Amino acid sequence: MDLEHMLESVKETRSLPDSIARHIVERLTLGDTGNDTYTYLHLLGLVNRSGGSRHMQDVKLIEKFLRYTAPREPCDYPDQTPFQQSMVRKLAVKILGSWLVIEDYFEEVLFLAQDRADPQVAIVAIGALAEYGLRYANFAPRVAQVLLDLIQRGLEDEDMRVEAYSAYMAALNLLGVPESERPFGELKITRDSISWSYMTQLASLAAKAQ
């Protein structure tokens, strides 16, 4: 099975023959993916992203990769390196939090956005938070609260600047700021580079959190 060719095809068609979809689910369930766990998961995410028939058994399968570390029970996945594990976790967050935006995973994504154990996963989760705030109005104040905290921490701590930049961009998305008005360039923020008008709007929204 040429996974890379199949991945390119699915990106265009957003569909897979049922027999191949079942094969992918079986391989991920059994942990029999060789070094292709990321690609199998990507295929499953793309198919579910197409809408229509989102299968909850697929979603539950994707869920277990949110905190992907090896070895796992009941089987050991071959992707043992921290880099591979991080890549898989990032993809799981993107699928569940940005592509599907499933309400049940909000708390998990919220946690990962603030978890510094893997900053690269946190950055993806931060971006996903804006999607939750846009889709579910009841989550928006809590999302704003977390984004505001991350931005403020980044202004004070150089080591948090990349996460803070991601939080600032997510905040602009949450506030509906046109892309033409969003900053581009170096992946960090300073007190001179952010819009305090937007920060005030973010703080106002965050104040509604209970």
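Each remark here, short or long, concerns the structure printed above.
First, a word on scope: everything that follows refers to the structure included in this document. (Residues numbered from 1 in each chain as written. Predicted model: local features only at pLDDT ≥ 70, side-chain atom pairs only at ≥ 80, totals over all residues. Heavy atoms only, no water.)

### Some details on the overall build of the chain
Quick reminder of the rule: Helix and strand assignments come from DSSP, with helices taken as H or I runs of at least 4 residues and strands as E runs of at least 2, each series counted from the N terminus. For every residue, the accessible area (1.4 Å probe, protein chains only) is compared with the maximum for its type, and the residue is labelled buried under 20%, exposed over 50%, or partly exposed between those bounds. Every residue pair with non-hydrogen atoms within 4.5 Å of one another is taken to be in contact. The protein chains shown are the only cover counted for residues, whose accessible areas, like all others here, come from Shrake-Rupley with a 1.4 Å probe.
When helices and strands are tallied, the chain shows 10 helices and 0 strands. When the helices and strands of the chain are read in sequence order from the N terminus, they spell out α-α-α-α-α-α-α-α-α-α. Across the 210 residues of the chain, 46% fall into the buried class. Sequence-distant contacts, at least 24 apart, represent 66% of the contacts inside the chain between residues at least 6 apart. A total of about 10,700 Å² of accessible surface is found on the chain, and carbon and sulfur atoms cover 49% of it.

### Brief notes about the packing of helix α8 (residues 140–156) against helix α10 (residues 196–206)
What counts, and what does not: With axes taken as lines fitted to C-alpha atoms, and helix axes fitted only over the stretch in contact, angles between N-to-C directions fall between 0 and 180 degrees. Angular relationships are summarised with four words: roughly parallel below 35 degrees, roughly antiparallel beyond 145, roughly perpendicular across 65 to 115, and oblique for the angles in between. Should the near helix be turned counterclockwise from the far one by less than a right angle, the crossing is left-handed, whereas a clockwise turn marks it as right-handed.
Contact geometry for α8 and α10: axes closest at 7 Å, N-to-C directions at 135°. When the interaxial angle is binned, α8 and α10 end up oblique. As for the relative orientation of α8 and α10, their crossing is left-handed in sense. Contact residues: A140, P141, A144, Q145, L147, L148, I151 and L155 in α8; W196, M199, L202, A203, L205 and A206 in α10.

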